[in-house]
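Okay, here's what each chain looks like letter by letter:
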Amino acid sequence: DVKVTQSSRYLVKRTGEKVFLECVQDMDHENMFWYRQDPGLGLRLIYFSYDVKMKEKGDIPEGYSVSREKKERFSLILESASTNQTSMYLCASWGRRGEQYFGPGTRLTVT
Amino acid sequence: DQQVKQNSPSLSVQEGRISILNCDYTNSMFDYFLWYKKYPAEGPTFLISISSIKDKNEDGRFTVFLNKSAKHLSLHIVPSQPGDSAVYFCAAMGGSEKLVFGKGTKLTVNP
């Protein structure tokens, strides 16, 4: 059974902290994605990776970076958390064309 | 510029009736379209897809219709059930491995 896991379901951080969100998939997928979901804005792509050590910016990469050292793991990094980064963060990996498998999400609150 | 638009933020229908969710797109390069369903506190799950070479795809109670000339697609759920209550996202892709999502429509099916 397909599985995408995210390191935390809920996270509270302070402004200025460095935040790591981790995502692991067990399907040997090459493509992985990080989105954020905000009310009224839908899902917006932050970064994606199509191979180990390869990454591409999505639509809203500012304030974020990513790391993909192993195929199964894709990390999202908030270098210096700000309150406008309070959001639901969703990781996904690529199945058949377009059919992304999503993790359960991490609700991040920055205070 | 919003390339995928879901103009109805919410929709309410009675159990047993038809639910019709609509989606418009602007990018002529899109050639594959998908619908995702999302329950609160969970990641989105893939529901159904359609290629631009087709105008209809059916899977059980779910049917997606594509009108390329109008750049419009719709998801029909018949009959609607209370368990279908969720947020539905329309997504599109073409020319890259990125999905572009709409903002979502919250469907409520009343018993």
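The structure reproduced in this document is the subject of the present report. (Residues numbered from 1 in each chain as written. Chains lettered and ligands numbered in written order. Predicted model: local features only at pLDDT ≥ 70, side-chain atom pairs only at ≥ 80, totals over all residues. Heavy atoms only, no water.)

## Some remarks on the overall build of chain A
Okay, so step 1: The number of helices and strands found in chain A is zero helices and eleven strands.
Okay, so step 2: Along chain A, helices and strands appear, N-terminal first, in the series β-β-β-β-β-β-β-β-β-β-β.
Okay, so step 3: Against the 2.2 N^0.38 benchmark of 13 Å for 111 residues, chain A shows a C-alpha radius of gyration of 13 Å, consistent with a compact globule.
Okay, so step 4: Along the first, second and third principal axes, the C-alpha set of chain A runs to 40 × 25 × 25 Å.
Okay, so step 5: When burial is assessed residue by residue, chain A has 50% of its 111 residues classed as buried.
Okay, so step 6: Counting contacts in chain A only where the partners sit at least 6 residues apart, residues at least 24 apart contribute 53% of the total.
Okay, so step 7: As displayed, chain A has an accessible area near 5500 Å², and 48% of this comes from carbon and sulfur atoms.
Okay, so step 8: Across chain A, the 17 positively charged side chains and the 15 negatively charged ones have centroids separated by 4 Å. (Helix = DSSP H or I, 4+ residues; strand = E, 2+ residues; numbered from the N terminus. Rg over C-alpha atoms; globule rule 2.2 N^0.38 Å. Buried < 20%, exposed > 50% of the residue type's maximum accessible area, 1.4 Å probe, protein only. Contact = heavy atoms within 4.5 Å. Areas by Shrake-Rupley, 256 points an atom, 1.4 Å probe, with all protein chains shown as cover. Lys, Arg positive; Asp, Glu negative; His and termini not counted. Charge placed at Lys NZ, Arg CZ, Asp CG, Glu CD.)

## Side note on the sheet that holds strand β3 (residues 19-25) of chain A
Residues and elements named next belong to chain A.
Okay, so step 1: Read from one edge of the open sheet, four strands run β1-β3-β8-β7, paired in antiparallel fashion. Where the open sheet ends on each side, the last strands, each with one partner, are β1 (4-6) and β7 (64-70). Neighbour-to-neighbour, the strand axes of this sheet turn through a mean angle of 20°, independent of strand direction.
Okay, so step 2: Sheet topology places β3 next to strand β8 (residues 73-78); six bridges connect them, and they run antiparallel. Among the inter-strand pairings, V19 is bridged to a residue of β8, identified as L78. (Pairing = 2+ DSSP bridges. Axes fitted to C-alpha atoms, helices over the stretch in contact; angles between N-to-C directions.)

## Let's talk about the environment of B:F101
Okay, so step 1: When you line up the elements, B:F101 lands in strand β10 (residues 100-101).
Okay, so step 2: Look at B:F101 and you get buried, because its relative accessible area is 8%.
Okay, so step 3: In the structure, B:F101 is positioned twelve residues away from B:F89 in sequence and 6.6 Å away in space, judged by C-alpha atoms.
Okay, so step 4: Setting aside anything within four residues of it in sequence, one finds B:F101 in contact with A:Y35, A:L43, A:F102, B:V4, B:Y36, B:F89, B:C90 and B:A91.

## A word on the side chain of B:S80
All names here are of chain B.
Okay, so step 1: Inspection of the secondary structure puts S80 in the loop between β8 (72-77) and β9 (86-93).
Okay, so step 2: With a relative accessible area of 1%, S80 lands in the buried category.
Okay, so step 3: A polar contact is formed between the side chain of S80 and the backbone oxygen of R17, at a distance of 2.8 Å.
Okay, so step 4: If we ignore the near neighbours within four places in the chain, the residues touching S80 are V13, Q14, E15, G16, R17, I18, S19, R61 and V109. (Polar contact = N/O pair within 3.5 Å; in protein donor to acceptor, adjacent residues only side chain to side chain.)

## Some details on the packing of aromatic side chains
Okay, so step 1: Under the defined criterion, the tally for this structure stands at 13 aromatic pairs over all chains.
Okay, so step 2: Seen in terms of ring centroids, A:F33 and A:Y35 are 6.3 Å apart; in terms of plane orientation they differ by 25°. Their pairing is stacked. A:Y35 shares its class with A:F33; the two are buried.
Okay, so step 3: The interplanar angle of 90° and the centroid separation of 6.4 Å between the aromatic rings of B:F89 and B:F101 together place this pair among those described as edge-to-face. One end of the pair, B:F89, is in strand β9; the other, B:F101, is in strand β10, with twelve residues separating them in the sequence.
Okay, so step 4: Grouped by ring-pair contacts, the aromatic residues A:F33, A:Y35, A:F48, A:W94, A:F102, B:Y36, B:F46, B:F89 and B:F101 constitute a single cluster. (Phe/Tyr/Trp six-rings, centres within 6.5 Å; stacked < 30°, edge-to-face > 60°.)

## Some words on the interface of chain B and chain A
In many analyses, interface size is given as the accessible surface area lost on bringing the parts together.
Okay, so step 1: Contact residues are listed per partner, giving 20 residues for chain B and 22 residues for chain A.
Okay, so step 2: Taken together, both faces of the contact between chain B and chain A bury some 1800 Å²; the carbon and sulfur share is 58%.
Okay, so step 3: Contact with chain A buries area across many residues of chain B, yet B:E97, B:K98 and B:F101 alone supply 30% of it, more than any other trio.
Okay, so step 4: For the interface between chain B and chain A, the tally reads zero salt bridges.
Okay, so step 5: Along the contact surface separating chain B from chain A lie three residue pairs in polar contact (both at pLDDT 80 or more).
Okay, so step 6: Contributions of two or more residues to the side of chain B that touches chain A are made by β4 (32-38), β5 (45-51) and β9 of chain B. (Buried area = accessible area lost by both parts, 1.4 Å probe. Salt bridge = Lys/Arg side-chain N within 4 Å of Asp/Glu carboxyl O.)

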